[in-house]
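Inside the fold
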Amino acid sequence: MASEEFQPLQGMADLAAPEIARWQHIEAQARNVLSRYGFSEVRTPILERLELFVRSLGDETDVVQKEMYQFEDRGGRKLALRPEGTAGVMRYVAARGQDAQDARLYYIGPMFRSERPQAGRRRQFHQLGAEAIGAAHPAADAEVIALQLHLLQSWGLSQCRVHINTRGLGTDRVNAQQQIRELLLAKRELLCVDCQRRLDTNVLRVLDCKNPECARIVSALPPLTSFMSAEARSYLDEVCRSLTALEVPFELRPNLVRGLDYYQHTVWEITHPALGAQDAIAGGGRYLLNIGGRAIEGVGFAIGLERSLVALAAERPESPPDRLPLVWFVAQGERAHEEGLRLLQSLRWRGIAAQMCVDRRSMKAQFRAADRAKAMFVVVRGDAELEKGIFLLKTLATGVQEELDLPSLMDRMKPLERGDAVLLR
RNA sequence: GUGGCCGUAGCUCAGUUGGCAGAGCGUCAGGUUGUGGCCCUGAAUGUCGCGGGUUCAAGUCCCGUCGGUCACCCCA
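The sections below set out a description of the structure shown in this document.

1. A few points about the sheet that holds strand β2 (residues 47–49)
Read across the open sheet, the 3 strands follow the order β2-β4-β3; overall the sheet is antiparallel. Where the open sheet ends on each side, the last strands, each with one partner, are β2 and β3 (70–72). Averaged over all neighbouring strand pairs, the angle between strand axes comes to 35 degrees, with direction disregarded. By the bridge criterion, 3 bridges tie β3 to strand β4 (residues 78–81) in an arrangement that is antiparallel. Following the sheet pairing, Glu 72 is matched in β4 by Lys 78.

2. Quick look at helix α1 (residues 20–36)
For α1, with 17 residues, the first-to-last C-alpha span of 25 Å sits near the 24 Å given by 1.5 Å per residue. Every buried residue of α1 is accounted for by Arg 22, Trp 23, Ile 26, Ala 30, Val 33 and Leu 34. Taken down its axis, α1 places every buried residue within 105 degrees of arc, on the same side. Next to the buried residues of α1 lie β5 (104–112), β6 (124–133), α5 (138–154) and α10 (305–315).

3. With respect to the packing of α1 against α5
Helix-helix packing: each pair is described by the crossing angle between the helix axes and the interaxial distance. One way to put it is that α1 packs onto α5 with a least axis distance of 10 Å and a crossing angle of 150 degrees. Taken together, the axis directions place α1 and α5 in an arrangement best described as roughly antiparallel. Crossing of α1 over α5 shows right-handed handedness. Contact with α1, carried on its side by Gln 29, Ala 30, Val 33, Leu 34 and Arg 36, involves Leu 147, His 150, Leu 151 and Ser 154 of α5 and no other residues of that element. Classifying every residue of the contact of α1 with α5 by side-chain character gives 5 nonpolar, 3 polar and 1 charged.

4. A short note on the sheet that holds strand β12 (residues 324–331)
The strand order β13-β12-β14-β15-β16 describes an open sheet built from 5 strands, whose pairing is mixed. Unpaired on one side and paired on the other, β13 (353–356) and β16 (401–404) mark the two borders of the sheet. The mean angle between the axes of side-by-side strands here comes to 25 degrees, regardless of whether they run parallel or antiparallel. Pairing between β12 and β13: 4 bridges, direction parallel. Within β13, the residue paired with Val 327 across the bridge is Ala 354. Against the sheet, helix α12 (residues 363–372) touches β12, β14 (375–381) and β15 (391–395), its axis set at about 170 degrees to β12.

5. Thoughts on the pairing of β16
Sheet topology note: the β15/β16 ladder contains 4 bridges and is antiparallel. Residue pairing across strands places Lys 394 opposite Gln 401, the latter belonging to β16. Between β15 and β16, which pair antiparallel and follow one another directly, the connecting turn spans 5 residues, one of which, Gly 399, has a positive phi of 80 degrees.

6. What to know about the protein's contact with RNA strand B
Of all residues adjacent to RNA strand B, which total 54 residues, the nearest are Arg 113, Arg 121, Arg 205, Ala 384 and Leu 396. At a separation of 2.8 Å, a phosphate oxygen of RNA strand B approaches a polar side-chain atom of Arg 372. Within the side chain of Glu 385, an N or O atom sits 2.7 Å from a base nitrogen of RNA strand B. The set of elements that each furnish at least two residues to the surface near RNA strand B consists of α3 (62–67), β6, α7 (193–201), β10 (280–291), α12, α13 (383–388) and β15. Take the surface near RNA strand B: its biggest share by element is 7 residues, from α12. In terms of residue class, the surface near RNA strand B is built from 17 nonpolar, 13 polar and 24 charged.

Cut-offs and rules
- Residues numbered from 1 in each chain as written.
- Chains lettered and ligands numbered in written order.
- Predicted model: local features only at pLDDT ≥ 70, side-chain atom pairs only at ≥ 80, totals over all residues.
- Heavy atoms only, no water.
- Pairing = 2+ DSSP bridges.
- Helix = DSSP H or I, 4+ residues; strand = E, 2+ residues; numbered from the N terminus.
- Axes fitted to C-alpha atoms, helices over the stretch in contact; angles between N-to-C directions.
- Expected span 1.5 Å × (residues − 1).
- Buried < 20%, exposed > 50% of the residue type's maximum accessible area, 1.4 Å probe, protein only.
- Arc of directions from axis to C-beta.
- Contact = heavy atoms within 4.5 Å.
- Parallel < 35°, antiparallel > 145°, perpendicular 65-115°, else oblique.
- Left-handed = near helix turned anticlockwise from the far one by under 90°.
- Nonpolar A, V, L, I, M, F, W, Y, C, P; charged D, E, K, R; others polar.
- Near = heavy atom within 4 Å.
- Polar contact = N/O pair within 3.5 Å; in protein donor to acceptor, adjacent residues only side chain to side chain.

Dropping the structure here:
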């Protein structure tokens, strides 16, 4: 077991082969899909002024109160590692002024929240998010949800469920919260201890308490939307109609609550059955933010990548690795070894993955290395081949060996050529 | 921040009422002086997470601590 100093910090992980292949795959897939919807990437700093997050997420939210990594730099400025992606993007949009008024932006990268790790939750975790700035129409909300579901499905997740709700406009939320609170106060004694506390701290959270007795009380309440203005309700109706037009299956969940203050109107979550207690793999909503005196409206989402990968592993178990389009050179003797180095470079410049054991090892060991690397072909160059002026090409999957001169060897390698040098399963 | 379970070889794990540190897989070498995968033989690899305590003796018992995992709070 490695000593402590070799381990990453709690809740942080080194991502490497073989899992990294799945990360690269979903990222590549996502960029492709996002561009089809007209979104372009923005990479904002991981470190921002603390104030940005306090102002945009809300200073009473748990994320701000107890989950942010915050510290002072040498000049005494208060900074924070970003706990989510929207705030940074909004700062960027505010800085661009009118140039960004209809921007469609996406981001992908690490976020930080100082919490106890558990299934699908890390202290450094990764989100893919997209924001449609401006777009003040319910159809924009629906289109963004369609995009989000499209992304998840493109990764192979077929069991996602979309739950949507409305938060109403600013005054609606305050009204609803007050009225729900009054109704629940009458039944205070029947609620679980957590919910009794929530009555004071976060009333809406009572609505999705898992305690059966609380759920029973909640189910007897009028739906949250009944406390909303007519405007909020008709906005939600319009979102639903657009979702139907976009062929996005969804469920209205009047008790759905989301934790960040900047949301108004539509909010939603996407869940997946493989996640256990933390079954939301993605969420989103419409928001109105005020950054440096500029009001920015938009609609956006975030997808938790760790959680998506957990779900993906459950839906699509790892298939046994195929042979890679990789050529392995096996050399006997110094001269063959040097020829090997030359041949390798020549193949690599043609776009073919090629390797050999650069330390001198037995042929048996070289073949074993080729097999372990899942190489497709082995090219053998030994005393006999030097003498005959040929190369021996062995196809590892079949064991078939052929004697070829250099031009015909290169000819046989042609199908392995590829424009990029990335090896994907 | 709170609680349950866990921490022994690169990996997965066994280790009895406290008494010599183990297995499987993997790695390396040989069986085959030029051939991988299957088979056979052999070898290497350990601050038993870390620190303290009890004891003639601690992987084992006690305390602390770090980490993992699951759950709570909350969230992606």
